[in-house]
Amino acid sequence: MPARPRTKRATKTKKDLSAADVPESARARVMELSDELRRHDVLYFQSDAPELSDADYDALRRELVALEAEYPSLLAPDSPSQRVGALPAEGFETAPHRSPMLSLDNAMNEDEMRAFEARIVKLLEFPKGGSQRIDLVAEPKLDGSGVELIYTKGRFVQGLTRGNGQTGEDVTVNLQRVPSIPTRLKSDDPPEIASIRGEIVLPLAAFEALNTARVGREQKPFENPRNAAAGSLRQIHNVDFERLGSLEFRGYALAEGRPAEFDRQSEILDLLRDWGFVISPQIGICHGVDEAIHFHERLLSQRGNLPVEIDGTVFKVDRIEQQETLGALARAPRWAIAFKFPPEQAETVLEEIEFQVGRTGALTPVARLRPVRVGGVTVSNASLHNQDEIERKDIRIGDRIVIQRAGDVIPQVVRVRLDRRKEALAEGRRLARRGLPARCPVCESQTVRLEGEAVTRCANLDCPAQLKNNLRHLASRSALDIDGLGEKRVDQLVETGLVAQLSDVFALEEASLTGLERMAEKSATNLIAAIERARQTTLPRLLIALGIRHVGETVAELLTDRFETLEGLLAASPKEVAAIEGIGPTIAESVSRFMADPSNRKELARFGELGVVLAAPRPKSASEETPRQSLEGLTFVLTGTLSRPRGEAKRLIEAAGGKVTGSVSRKTNFVVAGKDPGSKVKKATDLGVEILDEAGLEGLLTDD
Ligand code: IVH
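Calculation rules
Residues numbered from 1 in each chain as written. Predicted model: local features only at pLDDT ≥ 70, side-chain atom pairs only at ≥ 80, totals over all residues. Heavy atoms only, no water. Helix = DSSP H or I, 4+ residues; strand = E, 2+ residues; numbered from the N terminus. Contact = heavy atoms within 4.5 Å. Areas by Shrake-Rupley, 256 points an atom, 1.4 Å probe, with all protein chains shown as cover. Polar contact = N/O pair within 3.5 Å; in protein donor to acceptor, adjacent residues only side chain to side chain. Pairing = 2+ DSSP bridges. Axes fitted to C-alpha atoms, helices over the stretch in contact; angles between N-to-C directions. Buried < 20%, exposed > 50% of the residue type's maximum accessible area, 1.4 Å probe, protein only. Salt bridge = Lys/Arg side-chain N within 4 Å of Asp/Glu carboxyl O. Near = heavy atom within 4 Å. Phe/Tyr/Trp six-rings, centres within 6.5 Å; stacked < 30°, edge-to-face > 60°. Core = buried A, V, L, I, M, F, W, Y, C linked by side-chain atoms within 4.5 Å. Expected span 1.5 Å × (residues − 1). Arc of directions from axis to C-beta. pLDDT = per-residue confidence, 0-100. Parallel < 35°, antiparallel > 145°, perpendicular 65-115°, else oblique. Nonpolar A, V, L, I, M, F, W, Y, C, P; charged D, E, K, R; others polar.

## Let's talk about the overall build of the protein
If you tally the helices and strands in the protein, you get 25 helices and 24 strands. The contacts in the protein between residues at least 6 apart in sequence include a share of 67% that link residues at least 24 apart. As displayed, the protein has an accessible area near 36100 Å², and 51% of this comes from carbon and sulfur atoms.

Here you go:
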């Protein structure tokens, strides 16, 4: 297969020169320049703290470009000279996979495994009377993050996340730091192009160390090793090289570059091992489904002692020829199956039930456990959902309980070991009778449980617990994205009274921050800089940041599409909000109630006074931009019955760069009138807005 361009990034034409001809001094200088430029890129683009003038920066860059032009073998794919414009702020470049990265079908029990075997036996149409035995390779199902690694002529050139299976994110620069990914294949005769598929995992010991360090730095711990692995791989700002160094890559497939003489999956695993990859040691060949089930049971019994998390056994038809006959459906191949393990359970003692107050004031019971290891992870909390669940399962403090971990670190309580309950569980009984606290455990105001609701809430809107949660939410990535406002920092700001309402964040000053415990001068400067950056935001982000119930990204976008500005939204009547397509009555009421509340209006005005500026939303990412948009800048209003659903017409207009709003104003460019149009046509006539029929719209959409 001819090599095709892999990323959208520009690459240069190089004259070929073998690496041996490069003087050592040039090699050293290229490395030095690359490191320096990378450091300055971070200072400039991410820390807003450049140390060099633009001219000095350009001089360094030009020197690098010149050396790379002279010695093309020194041009690394991730060289700073290859970067065009700003570092990607929203994410990584994307690139297509060489062939789709498929998923796996699951079997949950022996019957489903037998059905899998029966299916393939049938599809392979073995001659009658002959052997119907199929060899299956058994491999641990690694619970990590799938990636594709591309090697050209044996050199590692590109690594992609699985993404949507067709295209993934180009995380080459990060994968280059993973020790078990060889930069060169150990082979005298590597294929022209090899696509190796495998899993990036974070070993359990490294996972726990990472989470301990994160908690120490006031960052949210990762839910499970899988998320931590994916998160580490996708680091884009202030990349933590140590974290990347603790990841492990394990290979399991060769999607391209298979030498002809290798015609079994088991041989491919050997080949990958010879090339220098780590292959899971627990590999077996099973002759038929009975052996496969036996293998699975043995692996399950070893599960707790393995250094990495696995969640089942993958069985693959060994002979590649048979794999090819069986083929694949859209989502998964017919020649492989993942036999999943049941969730891991463990027993421990419930030491206490505490209540946490959420962003909306909801009180959630949390079980504090005597720490116990489940599947390699130590857990000390379990979720209890709500009071009904406590009562239904008759859970009491002091009980021995069975907990279950299905991938996440926070497990669920499965049941109480009633047979082990001691008579004297007085505290437990008291709790069962007492129900949820009548007063908020944080601010001590009265709690309420509305009829028909499963949750009890703290009714005090200024409750510090709610404020803390709201503040965390305000700082989160989809909201105002303020780096450095982690869990502990938020607690501190609220507890010291520096933040008593959300807008106070924008009144913070470096001097008052440096007075806080564990706040180094540098962190204070960084936090103030992050807040400064957050002042320039967009209406959707601000709406998300306010923590209005039911308002997430989609609703925030819909409100912005309709009202355009904050002033527009504040002036809108509840009816106008409720009329927006895609916004139901509950959401509309929540939005209107929030906007009508005088203290919220004051708070919004204060954001403005403290320098928060709303700009037009940025396009999501470069890759989503369409190069040519024929309806760019035009606003449409649809009315009457159209021959296609209104949502579809709206999407077509938006795809061509236009905007669709709900009501006619002077800013409207076209009103598209279907059958039985309403008052909007009259309003358009009054305002002198052009009216189109459907054919007119089609004309605009096709006429480019
Ligand atoms: S083979 C077409 N082998 O599980 C073959 N996948 O649920 C698909 N996974 O996306 C991949 N361990 O990320 C294969 N030994 C193993 C695996 C494995 C873990 C992951 C992989 C895949 C997912 C499907």
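## A short note on the side chain of T172
Relative to the elements of secondary structure, T172 occurs in helix α4 (residues 172-175). Within the local environment of T172, its side chain forms a polar contact with the backbone nitrogen of G159, the two atoms lying 3.1 Å apart.

## Some thoughts on the sheet that holds strand β5 (residues 155-161)
Ordered in space as β5-β4-β7-β8, the four strands form an open sheet in which the pairing is antiparallel. Only two strands of the sheet have a single neighbouring strand rather than two, namely β5 and β8 (248-256). Sheet twist, expressed as the average angle between the axes of neighbouring strands with direction ignored, equals 30°. Note: strand β4 (residues 145-152) against β5, six bridges, orientation antiparallel.

## Notes on the environment of P221
By secondary structure assignment, the location of P221 is in the loop between α5 (204-216) and α6 (225-233). By relative accessible area, P221 is classed as partly exposed at 39%. Between the C-alpha atom of P221 and that of N211, which follows or precedes it by ten residues, the distance is 5.0 Å. Setting aside chain neighbours within four positions, we find P221 in contact with N211, R214 and V215.

## Section: the pattern of salt bridges
Here the idea is simple: oppositely charged side chains can pair when their charged atoms come close. One pass over the full model with this rule turns up 42 salt bridges. Put simply, R98 and E256 hold a salt bridge, and the shortest N to O gap is 2.6 Å. Of this pair, R98 sits in the loop between β1 (94-96) and β2 (106-107) while E256 is found in strand β8, placing the two residues 158 residues apart along the sequence. Across the pair, E256 and R98 agree in class, each one buried. A salt bridge links R370 to E351; the nearest nitrogen and oxygen atoms lie 3.4 Å apart.

## Some words on the site of the ligand
The local shell around the ligand holds 14 residues, among which E139, L142, E199, Y252 and K316 are the closest. With respect to the ligand, the backbone of P140 contributes an N or O atom lying 3.3 Å from a nitrogen atom. In the environment of the ligand, a nitrogen atom lies 3.0 Å from a nitrogen or oxygen atom belonging to the backbone of L142. In isolation the ligand exposes 530 Å². Once the protein is present, 86% of that is buried. Listing elements by their share of the shell around the ligand, those giving two or more residues are β3 (135-142) and β10 (310-317). The element best represented in the shell around the ligand is β3, accounting for four residues.

## Structural notes on the packing of aromatic side chains
Applying the stated criterion across every chain, the model contains six aromatic pairs. When the centroid spacing of 5.7 Å and the interplanar angle of 90° are considered together, the rings of Y151 and F277 count as edge-to-face. You can see Y151 sitting in strand β4 and its partner F277 sitting in the loop between α8 (265-275) and β9 (284-287), a full 126 residues away along the chain. As far as burial versus exposure is concerned, Y151 and F277 are alike and both buried. Pairing F249 with F277 gives two aromatic rings, centres 5.8 Å apart and planes at 65°, and the pair type is edge-to-face. Here F277 lies in the loop between α8 and β9 and F249 lies in strand β8, a separation of 28 residues in the sequence.

## As for the nonpolar core
One finds L149, I196, I200 and F277 to be the most contacted residues of the largest nonpolar core, which totals 63 residues. Residues within four places of I200 in sequence aside, it is in contact with G144, S145, V147, L175, V178, I181, A229, L233, L247, E248 and F249. Among the nonpolar cores identified, the runner-up in size contains 51 residues, and L513, I544, A545 and V591 belong to it.

## Re the pairing of β10
In terms of burial, β10 is largely enclosed, as eight of its eight residues are buried. As defined by bridge partners, β3 adjoins β10 across six bridges and the pair is classed as antiparallel. Directly across from L142, in β10, lies its bridge partner I310. Bridging between β10 and strand β11 (residues 336-340) involves five bridges; their strand directions are antiparallel. By the bridge assignment, F315 is partnered in β11 with I337.

## Looking at the environment of A115
Note that A115 resides in helix α3 (residues 110-124). Its relative accessible area of 36% is what places A115 among the partly exposed residues. The spacing of A115 and V289 is 174 residues in sequence and 9.7 Å in space, taken between C-alpha atoms.

## Structural notes on the environment of R359
When you line up the elements, R359 lands in the loop between β12 (344-357) and β13 (362-374). Separated by 108 residues in sequence, R359 and L467 have C-alpha atoms that sit 7.4 Å apart.

## Quick notes on unusual backbone geometry
We note that K153 has phi near 45°; this positive angle belongs to a residue other than glycine. The topology assignment puts K153 in the loop between β4 and β5. The exposure class of K153 is exposed, given its relative accessible area of 57%. If you check the backbone angles, D394 has positive phi at about 50° while not being a glycine. Within the secondary structure, D394 sits in the loop between α11 (387-392) and β15 (400-405).

## Observations regarding α3
The end-to-end C-alpha separation of α3 is 21 Å, in line with the 21 Å expected for 15 residues at 1.5 Å each. Buried within α3 are the following residues: M113, F116, E117, I120, V121 and L124. Projection of α3 onto a plane perpendicular to its axis shows the buried side chains occupying an angular sector of 130°, all on one side. Exposed side of α3, more than 90 degrees from the buried face: D111 and K122 are the residues found there.

## Focus: the sheet that holds β9
Read from one edge to the other, the open sheet built from five strands follows the order β2-β11-β10-β3-β9, with strand pairing classed as mixed. If you trace the sheet from one side to the other, it starts and ends with β2 and β9, each paired once. Docked against the sheet, α3 engages β2, β3, β10 and β11, running at close to 170° with respect to β11. The sheet strands contacting helix α9 (residues 289-302) are β3, β9, β10 and β11, and the helix crosses β10 at an angle near 155°.

## Quick notes on the confidence of the model for the protein
For the protein, per-residue confidence averages 85 on the pLDDT scale, and residues scoring 70 or more make up 89% of the total. Per-residue pLDDT stays below 50 along residues 84-89; that stretch engages in eight contacts with residues further than four places along the chain or on separate chains. The model gives residues 618-628 a pLDDT under 50, and that stretch makes nine contacts with residues more than four places away or in other chains.

## Structural notes on the packing of α5 against α6
Axis angle and axis distance: for two packed helices, these are the angle between their axes and the distance between the axes, and together they describe the pair. At a closest axis distance of 10 Å, the pairing of α5 and α6 adopts a crossing angle of 75°. Taken together, the axes of α5 and α6 are roughly perpendicular relative to one another. In this structure, α5 contributes L204, F207 and L210 to the contact, and α6 contributes P225, A228 and S232. Considered class by class, the residues forming the contact of α5 with α6 number five nonpolar, one polar and no charged.

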